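# Observations on the three-dimensional arrangement
If you want the building blocks of each chain, they are given just below.
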Amino acid sequence: MIRSIVFATALLSSASCITAFSPAATAVQRTAAASSSSPSTATFTALNMSDDEIGNSSVTQDRIQDLVDNNPVLLFMKGSKLFPQCGFSNTACQILQSYNIDFESVDVLADEEIRQGVKIFSQWPTIPQLYVCGEFVGGSDIMIEMYQSGELGEMIEKAKADMV
């Protein structure tokens, strides 16, 4: 245990590791002596990845808008309504299934653009996300509150009427 802590501390205190994993780093040069007379130089390029860039394209936002416009009850979730991949998505599905409504679901795990894009679209950081009649409702916590108060039932009844 102590050996691994000492190793991790030594690794993190190394200037090359700190620079290599720095978010602002774009290129890092590391010189290592392969032999005492001829140093070799290696250049490492850090990848600057940002979730803000993924899903922010107009094509992705248009796809999301099209899904919201064409589906009266739409749930962006992790997994499918037949096989939810997280507890919150499962809760959201169970609530919607209790209304005996045919709702559409979008598996955000299958498309990273949609996964990040829907967060931008709704300005809501978490998934699942429910849309009823084109209106963003919220995540599973809000769905639970609205289910208990009866407010979600009223929205779903309106959506059922729009489907007919």
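Presented here is an overview of the structure given in this document. (Residues numbered from 1 in each chain as written. Predicted model: local features only at pLDDT ≥ 70, side-chain atom pairs only at ≥ 80, totals over all residues. Heavy atoms only, no water.)

The subject of this paragraph is the side chain of Asn71. Position of Asn71 among the secondary structure elements: in the loop between helix H3 (58-70) and strand S3 (73-77). A distance of 2.8 Å separates a polar atom in the side chain of Asn71 from the backbone oxygen of Leu67. (Helix = DSSP H or I, 4+ residues; strand = E, 2+ residues; numbered from the N terminus. Polar contact = N/O pair within 3.5 Å; in protein donor to acceptor, adjacent residues only side chain to side chain.)

For helix H4 (residues 87-97), the set of buried residues is Ser89, Ala92, Cys93, Ile95 and Leu96. One side of H4 carries all its buried residues, which in axial view fall inside an arc of 160°. Taken together, the buried residues of H4 touch S3, strand S5 (129-132), helix H6 (140-149) and helix H7 (151-163). (Buried < 20%, exposed > 50% of the residue type's maximum accessible area, 1.4 Å probe, protein only. Arc of directions from axis to C-beta. Contact = heavy atoms within 4.5 Å.)

On to the packing of H3 against helix H5 (residues 112-122). Interaxial distance between H3 and H5 falls to 9 Å at its minimum, and their mutual angle equals 75°. The angle between H3 and H5 places the two elements in the roughly perpendicular class. Facing Thr60, Gln61, Arg63, Ile64, Gln65 and Val68 of H3, the residues of H5 in contact are Glu113, Ile114, Gly117, Val118, Ile120 and Phe121. (Axes fitted to C-alpha atoms, helices over the stretch in contact; angles between N-to-C directions. Parallel < 35°, antiparallel > 145°, perpendicular 65-115°, else oblique.)

The next point concerns the packing of aromatic side chains. According to the stated counting rule, one finds five aromatic pairs in the structure shown. On the numbers, 5.8 Å between centres and 80° between planes, the contact of Phe76 with Tyr131 is edge-to-face. Of this pair, Phe76 sits in strand S3 while Tyr131 sits in strand S5, and the two are 55 residues apart along the sequence. Classification of Tyr131 as buried rests on a relative accessible area of 2%. Taking the centre distance of 5.8 Å and the plane angle of 75° together, the rings of Tyr99 and Tyr147 count as edge-to-face. Remark: Tyr147 occurs in helix H6 and Tyr99 occurs in the loop between H4 and strand S4 (104-107); sequence separation between them is 48 residues. One aromatic cluster is present, built from ring pairs that chain together Phe76, Phe121, Trp124, Tyr131 and Phe136. (Phe/Tyr/Trp six-rings, centres within 6.5 Å; stacked < 30°, edge-to-face > 60°.)

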